[in-house]
Amino acid sequence: MLQIAGIALITTFLVLAIKEQTPNFAFLLVLFAGTGIFLFLVDQVHKIILMIENLAGSANVNTLYVKTILKIIGIAYIAEFTAQISKDAGLGSMAAKVELAGKILILAIAVPIMTALVETIINIMPVN
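Residues numbered from 1 in each chain as written. Predicted model: local features only at pLDDT ≥ 70, side-chain atom pairs only at ≥ 80, totals over all residues. Heavy atoms only, no water.

Student: An account of the overall build of the protein chain is requested, with residue identities and associated values reported.
Tutor: Assigned secondary structure in the protein chain consists of four helices and zero strands. When the helices and strands of the protein chain are read in sequence order from the N terminus, they spell out α-α-α-α. Rg of the C-alpha trace for the protein chain: 20 Å, well past the compact-globule value of 14 Å for 128 residues, more than 25% over. With respect to the three principal axes, the spread of C-alpha positions in the protein chain is 75 × 35 × 15 Å. Relative to its full complement of 128 residues, the protein chain shows a buried share of 17%. Considering only contacts in the protein chain between residues 6 or more positions apart, those separated by 24 or more positions represent 49%. If the 7 positive side-chain charges of the protein chain are averaged to one point and the 7 negative ones to another, these points end up 3 Å apart. (Helix = DSSP H or I, 4+ residues; strand = E, 2+ residues; numbered from the N terminus. Rg over C-alpha atoms; globule rule 2.2 N^0.38 Å. Buried < 20%, exposed > 50% of the residue type's maximum accessible area, 1.4 Å probe, protein only. Contact = heavy atoms within 4.5 Å. Lys, Arg positive; Asp, Glu negative; His and termini not counted. Charge placed at Lys NZ, Arg CZ, Asp CG, Glu CD.)

Following this line, the structure appears as structure tokens:
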């Protein structure tokens, strides 16, 4: 975490120092630093995914549901990262569209889980 904080602080100070003279370069600096932080975390994310899959396997949870939930989480993080980069570039309307697209994709992926949940509730309910 100290490395990430260090990169973020150094980038912030550099951006503040050069933003007035070269705003395009300042934005590129933010973009590259953000991408570098994201790539730095990929290994940790992979470890977390493996732990969740192992936990689900030991609990006899259907892997389809676990993979779907992990996809939903991934879409949420990618949409948020992209929206923040768009906001940093001054493109708030693009950020809003990315956030909307992320929400729609999450809903589309979640439909099978919601269907299975409703079917389970219907099967549990007593029939009159």
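Student: Can you lay out the side chain of Thr 11 for me, pointing to particular residues and giving the numbers?
Tutor: Mapped onto the fold, Thr 11 is located in helix 1 (residues 2–18). The contact partners of Thr 11, leaving out residues within four places of it in the chain, are Leu 29, Val 30 and Ala 33.

Student: Just give me the short version of the pattern of salt bridges, but keep the residues and values in it.
Tutor: Oppositely charged side chains may form a pair once their charged atoms are brought near each other. A full pass over the atoms with the stated rule returns two salt bridges. Where Lys 47 meets Asp 43, a salt bridge forms, and the shortest distance between an N and an O atom there is 3.7 Å. Linking Lys 47 with Asp 43, this pair stays in helix 2 (residues 23–58), spanning four residues, or about one helical turn. Among the residues examined, Lys 47 registers a relative accessible area of 42% and is labelled partly exposed. For the salt bridge of Lys 87 with Glu 99, the shortest nitrogen-to-oxygen distance reads 3.5 Å. (Salt bridge = Lys/Arg side-chain N within 4 Å of Asp/Glu carboxyl O.)

Student: Give me the lowdown on helix 1, citing residues and values where you can.
Tutor: Counted at 1.5 Å a residue, the expected span for helix 1 with its 17 residues is 24 Å, and the 24 Å between its end C-alpha atoms agrees. If you check which residues of helix 1 are buried, you get Ile 4, Thr 11 and Val 15. The buried residues of helix 1 occupy one face: seen down the axis, they fall within an arc of 35°. Counted as exposed and oriented over 90 degrees from the buried face of helix 1: Leu 2, Ile 10, Phe 13, Leu 16 and Ala 17. (Expected span 1.5 Å × (residues − 1). Arc of directions from axis to C-beta.)

Geometry only, nothing functional implied.
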